[in-house]
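Chain by chain, the residues:
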Amino acid sequence: MNDDLRNIVLGLIATAISAALGWLARNAVWRRKLRRKQAFLGLPEHSESLLVVNRDAGGPELAVTRFDVFALLELSALIKECGASAQVVAHDAARQGFGERTEFCVGGPTSNRRMAAHLATLLPGVNFSSETEPGPDRASFQVGGERYRMERGVTEYVLLARLTADQGPEARPVFLFCGQRSITNQAATRYLARNQEKLARKHGANSFVLLLKVVNSQAYGPDVVELVADVTRVAKSPLPTPRNSHRAA
């Protein structure tokens with residue numbers, strides 16, 4: 001073998017080794033990111049999770065609004081990326097405690113009994129208005145001492161929460177997407193999908209409750225979402241008397 005041929009062979013070997021090392025490095029980074037995502041969402045590979053949705057009050061069949069269906073699709077993509085599976089369960093048929101399986105609960109407490117139970121048990125500092133007559137407080141909710149009123153299609157609010165009920169590091173979390181309208185539920189699931197890495201870095205496996213504002217949904221749909229505040233502490237505290245109200249200027 002002459003020098004030129006030897007140099008070509010050595011170059012090919014070096015290229016192959018570099019490519020293999022690059023692939024291994026990229027694979028290691030991908031696996032590390034996947035493990036962080038699985039830990040944050042409580043979705044180890046091959047694990048099971050629950051998607052809890054509303055049931056039509058007029059019959060026994062599931063009847064989910066269009067935007068809540070979109071929310072479920074957002075969540076299903078996250079679950080699939082983690083290598084886990086999901087079971088869709090009606091809100092009045094989900095009878096299990098906390099920590100057994102990761103749960104994604106979608107919908108406001110007036111139409112989702114499971115959500116109402118979670119708020120009463122885990123977030124006593126949150127209260128949703130049950131008024132059905134038209135008026136400024138319809139679909140409004142109170143977090144701590146602040147009341148948040150909805151201006152339909154212009155300014156709407158939704159809570160995004162990750163809760164673990166203090167059952168140890170192995171307990172699976174409950175995710176709540178609790179909005180004033182179904183489109184805000186989808187906005188919250190999309191916010192989680194887009195920001196889950198940042199949220200995982202900030203909160204780790206700890207509980208959090210975020211208040212989000214959906215801006216001009218009649219024009220932008222669920223895409224324009226602003227973080228109003230981290231309300232974890234006040235949402236977990238007993239509810240005080242309302243002090244201030246918020247609505248669009």
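Residues numbered from 1 in each chain as written. Predicted model: local features only at pLDDT ≥ 70, side-chain atom pairs only at ≥ 80, totals over all residues. Heavy atoms only, no water.

Novice: Now, about the layout of surface pockets: what can you tell me, with residues and values included?
Specialist: Within this model, the largest pocket holds a volume of roughly 460 Å³. Thr110, Ser111, Gly179, Gln180 and Arg181 are, among the 23 residues lining the largest pocket, the residues nearest its centre. Among the residues forming the lining of the largest pocket, the class breakdown is four nonpolar, 13 polar and six charged. The volume enclosed by the second largest pocket comes to roughly 200 Å³. Around the second largest pocket, the lining is made up of 10 residues, and of these Lys33, Leu34, Lys37, Gln196 and Glu197 lie nearest the centre. Within the residue set of the lining of the second largest pocket, elements represented by two or more residues are helix 1 (3–41) and helix 4 (182–203). In terms of residues, the lining of the second largest pocket owes the most to one element, helix 1, which gives five residues. (1 Å grid on protein atoms, 1.4 Å probe; cavity = no way out; pocket = protein on both sides within 12 Å on 5 of 7 lines; lining within 4 Å. Points joined across faces, edges and corners; volume = space filled by probe spheres on them. Nonpolar A, V, L, I, M, F, W, Y, C, P; charged D, E, K, R; others polar. Helix = DSSP H or I, 4+ residues; strand = E, 2+ residues; numbered from the N terminus.)

Novice: Got a sec to walk through a positive patch on the surface? Specific residues and values, please.
Specialist: Positive charge collects at one region of the surface, where Arg32, Arg35, Arg36, Lys198, Arg201 and Lys202 lie side by side. If you list the elements that add at least two residues to the positive patch, you get helix 1 and helix 4. By secondary structure assignment, the location of Arg201 is in helix 4. Assessed through its relative accessible area of 62%, Arg201 is described here as exposed. (Patch = residues over 30% accessible without salt bridge, like charges linked within 9 Å, V, L, I, M, F, W, Y side chains within 5 Å. Areas by Shrake-Rupley, 256 points an atom, 1.4 Å probe, with all protein chains shown as cover. Salt bridge = Lys/Arg side-chain N within 4 Å of Asp/Glu carboxyl O. Lys, Arg positive; Asp, Glu negative; His and termini not counted. Charge placed at Lys NZ, Arg CZ, Asp CG, Glu CD. Buried < 20%, exposed > 50% of the residue type's maximum accessible area, 1.4 Å probe, protein only.)

Novice: Residue-level account of the packing of aromatic side chains, with values.
Specialist: Tallied over the entire structure, the rule returns eight aromatic pairs. Between the aromatic rings of Phe67 and Phe70, the centroid separation amounts to 6.1 Å while the plane-to-plane angle is 75°, which identifies the pairing as edge-to-face. Of the two residues, Phe67 and Phe70 both sit in helix 2 (residues 66–81), three residues apart, roughly one turn of that helix. Plain terms: the ring middles of Phe141 and Tyr148 are 6.1 Å apart, the flat faces sit at 35° to each other, and that makes the pair tilted. Summarising the burial analysis for this pair, Phe141 and Tyr148 share the class buried. Of the aromatic side chains, those joined through ring pairs into one cluster are Phe40, Phe104, Phe175 and Phe208. (Phe/Tyr/Trp six-rings, centres within 6.5 Å; stacked < 30°, edge-to-face > 60°.)

Novice: Describe a nonpolar patch on the surface, with residues and values.
Specialist: Among the surface-exposed residues, Val69, Phe70 and Leu73 lie close enough to one another that they form a single nonpolar patch of about 240 Å² accessible area. Within the fold, Val69 resides in helix 2.

Novice: I'd like a rundown of the state of the cysteines, residues and numbers included.
Specialist: Tallied over the full model, the rule gives zero disulfides. Take Cys178: it sits in no disulfide, and the sulfur closest to it among the cysteines is that of Cys105, at 8.2 Å. A residue is classified by how much of its surface remains accessible, and Cys178, at 1% relative accessible area, is buried. (Disulfide = S-S within 2.5 Å.)

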